[in-house]
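One-letter residues, chain by chain:
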Amino acid sequence: MHLEYTVIEGDFINAGSASSSIKKTLKQLNVNPSIVKRVVVALYEAEVNAIAHAYGGVVTADIDAGKILLRVIDKGPGIPDIDWAMQEGHSTASPEVRNMGFGAGMGLPNIKKNVDRLNVQSTVGVGTTVEMEVNLS
Amino acid sequence: MAFFHALQINENVCEGCSHCMRVCPTQAIRVRDGKAHINEDRCIDCGNCFIACPHKAVFVKQDDFEEIFKYACRVALVPAVFLGQFKDEISVSRIYSILNEIGFQHVIETEITTPIYTEAKNRLEREGNTKPLISSFCPAIVRLIQVKFPGLVDNIIPVKAPLDITAMYIRRKLVKDGWPEDQIGVFYVTPCAAKIAAVKSPVGEEKSSVDGVINMDSLYNRVYKKIKEQGHDYKEVKLPIAQLTSDSILTSLTNGERRLSVSEHSLSIDGMDNCIEFLEKVENEEIEDVDFLELRACDQSCPGGILTYNNRFLTCERMFNRARYVAGKERRGELTRADEVEAEREYLLNNIAVGPVEARSISLDPDISKALEKMNKIKELERQLPQIDCGICGAPSCDALAEDIVCRGCKLSDCIFIQRNMEARKDMKVEESLEIMETIWGDEKIKNFVKNK
């Protein structure tokens, strides 16, 4: 099954709408609640990242009996040093974003904790694709 | 697994008008053959259907009052909300005297063990491993979480509700007084349907300490009849009753638990829609820094229960007044303390825990590949349906019909829009579409309607 959602730059109010919809689907599929929780946490973080740092993008989800593959594809400044960004506390968020309670530098590390496979690809000046996979059983 | 449900539909009275179907928070109701049907796996006994029904076809099954006389030692377990049903000039001891007269040797208020309930809960809140912790007080909320938010069952505080703790207490006291266990009958006077379900099929325990349930509206009628018969000529028997603290009187109102919570950040929310809205956010991990949630299914909490007589706002006002009066006594040191309950504190605290709350998942199929297959079909059907949720198919929404087609043998042609299209394409005769409407809304309704025209 393939699902797709749009993420708009700076639209924190709707952050989490993709993860909320995917949560509903996974619940109907009888996926273990603790796995659903991990998917929701990881995707919510990635959604917020695209809203806070990039100029918006798309979220796609592909579900089969064994796994869910999530992609958050943004158009944005890109991440110059992915290894640096993967460490806790490292953030390039603006003071404005931090004031809203985001930008603590926990985004990518938190995603990594919750998914089974994570792949971040980024080109400076073009955008970032965060690919996350979670086993469903 | 079968669940006891207190809410039932009287098919002789049901007109199949679908008002109930539209307000059910778990989409448990469908109309077929001109009658509403409740899906027992989905029903959480919240009572929304009871309130919505214009024909009083939804009723709350209760134990026969005469059941109490099976027991030699009869206890009425009465929540403070019951006293809030009566006007101020009718005294507490007069109501107790009447309960005594109609058959209960013992009357005890449910909230008498609230301090013990609060202590057990606060201990767990201090440990605070899971956040936010959700109160187990409202059984409709516990059932809502089981059915609709299975990922949050571990957030529910695994502690008995005050009604069970008090039943456990009074039973122990009466056994100590010399009554044989099987001659003690504890009857709870319930303001709502969910508490009946909680007594008949408890969550997290084998058996409830309560033997039967009496609906608050029917007991109100019995007591009020006595009051009318007595007029000004009555005697009040002074019953040895322990007095509730002002805090305990307020427990069943909105904020009643929250104001006693040790958590730094706690919320109290009432009303089914409000609770669902917030639980969605909790489940999405959007809520941070909330330690404790008091959630109540009814507006204004228990005074808004479907089996209450008095207006819920007036009940709240009366209960506040009572609490204020008692608070004055507390300040002056005049309140008789519930020493007998205090003496059992340790015993009650040791027996207050319940087992884990289990999820009652309503997934499409236990097998994920089959569920996925069904979901693909459902998504496809959803695209074909008009998405205006008119309910003419006998299901509460287009999405619900799509699911019913895949999982419960309904047909796409149950949709009136699809029927019209099929008629236009000459794939269906008008008579055939009327026949479909008959299977949903009943032949009487359709035939009479056609004839009258």
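Residues numbered from 1 in each chain as written. Chains lettered and ligands numbered in written order. Predicted model: local features only at pLDDT ≥ 70, side-chain atom pairs only at ≥ 80, totals over all residues.

Another aspect to go through is the overall build of chain B. What chain B contains, in helices and strands, is 19 helices and 11 strands. Each principal axis of the C-alpha distribution contributes one length, and for chain B these read about 85 × 55 × 40 Å. Counting the 453 residues in chain B, one finds 44% classified as buried. Across chain B, every contact between residues at least 6 apart in sequence was considered, and the portion connecting residues at least 24 apart equals 76%. (Helix = DSSP H or I, 4+ residues; strand = E, 2+ residues; numbered from the N terminus. Buried ≥ 20, exposed ≤ 12 C-beta atoms within 10 Å, placed from the backbone. Contact = placed C-beta atoms within 7 Å.)

A few words now on the environment of E15(B). All names here are of chain B. Tracing the backbone shows E15 in the loop between strand 1 (7-9) and helix 1 (19-23). With 18 C-beta atoms packed within 10 Å, E15 lands in the partly exposed category. Each C-alpha atom of the pair E15 and G442 lies 9.4 Å from the other, and the pair is 427 residues apart in sequence.

Turning to the environment of E229(B), a few remarks are in order. Among the secondary structure elements, E229(B) is positioned in helix 9 (residues 216-230). Along the backbone, E229(B) and L174(B) are 55 residues apart, and their C-alpha atoms lie at a distance of 32 Å.

The next subject is the sheet that holds strand 11 (residues 292-296) of chain B. Residues and elements named next belong to chain B. Overall, parallel pairing links the 3 strands, which are arranged 7-11-10 in an open sheet. Pairing within the sheet leaves two strands with one partner each, and these edge strands are strand 7 (133-134) and strand 10 (266-270). Here 2 bridges tie strand 7 to strand 11, and the two strands are oriented parallel to one another. When the sheet's bridge partners are listed, I134 is paired in strand 11 with L293. (Pairing = 2+ DSSP bridges.)

Glancing now at helix 4 (residues 92-101) of chain B. Residues and elements named next belong to chain B. Along helix 4, the positions that sit buried rather than exposed are I95, Y96, S97, I98 and L99. Residues of helix 4 that are buried make contact with strand 5 (73-78), helix 3 (80-83), strand 6 (106-109) and helix 9. Two residues or fewer after helix 4 comes G103, characterised by a positive phi angle close to 140°.

Looking now at the nonpolar core. L77(B) and A193(B) are the most contacted members of the largest nonpolar core, which has 120 residues in total. Residue contacts for A193(B): discarding those within four places in its chain leaves A6(B), L7(B), D45(B), G47(B), F50(B), V60(B) and I306(B). Listed in part, the 38 residues of the second largest apolar core include A18(A), A54(A), L70(A) and I79(A). (Core = buried A, V, L, I, M, F, W, Y, C linked by C-beta atoms within 7 Å.)

Residues and elements named next belong to chain B. Spatially, 4 strands are ordered 6-5-8-9 in an open sheet, and the strand pairing comes out parallel. Only two strands of the sheet have a single partner each, and these edge strands are strand 6 and strand 9 (212-215). Within this sheet the neighbouring strands show an average axis-to-axis angle of 25°, counted without direction. Where strand 5 and strand 8 (residues 184-190) come together, 5 bridges link them in parallel fashion. Its bridge partner being in strand 8, A76 is matched across the sheet by F187. Here helix 7 (residues 162-176) sits on the sheet and contacts strand 5, strand 6 and strand 8; the angle it forms with strand 8, its principal contact strand, is near 155°. (Axes fitted to C-alpha atoms, helices over the stretch in contact; angles between N-to-C directions.)

With that settled, consider the environment of L364(B). Looking at the secondary structure, you find L364(B) in the loop between helix 14 (345-350) and helix 15 (368-384). Under the C-beta neighbour-count criterion, L364(B) is labelled buried, with 21 such atoms within 10 Å. In this structure the C-alpha to C-alpha distance between L364(B) and P25(B), which are 339 residues apart in sequence, comes to 18 Å. Not counting the four nearest positions on each side in its chain, L364(B) is found in contact with Q28(A), L29(A), A371(B), K374(B), M375(B) and C407(B).

All names here are of chain B. When its domains are assigned, chain B resolves into domain 1 (1-61), domain 2 (65-350) and domain 3 (363-453). Taken together, the 16 residues of domain 1 in the interface contact 18 residues of domain 2. A per-element tally of the side of domain 1 that touches domain 2 places helix 2 (residues 48-52) first, with 3 residues. Looking at the side of domain 1 that touches domain 2 residue by residue, the classes come out as 10 nonpolar, 4 polar and 2 charged. (Domains from an automatic or database assignment. Nonpolar A, V, L, I, M, F, W, Y, C, P; charged D, E, K, R; others polar.)

Attention now goes to the pairing of strand 3 (residues 35-38) of chain B. All names here are of chain B. Residues A36 and I38 line the buried face of strand 3, whereas the alternating positions K35 and H37 sit on a face that is not buried. Sheet topology note: the strand 2 (residues 29-32)/strand 3 ladder contains 4 bridges and is antiparallel. Residue pairing for strand 3: V31 is matched across the bridge by A36. Hairpin geometry of strand 2 and strand 3 is characterised by an intervening segment of 2 residues between the two adjacent antiparallel strands and by a positive phi of about 50° at D33.

Residues and elements named next belong to chain B. A cis amide bond, omega -10°, links K131 with the succeeding residue P132. Looking at the secondary structure, you find P132 in the loop between helix 5 (114-127) and strand 7. One non-glycine residue, K426, lies in positive phi territory at about 65°. Structurally, K426 can be placed in the loop between helix 17 (416-424) and helix 18 (430-441). Residue K426 is classed as exposed on the basis of its 7 C-beta neighbours within 10 Å.

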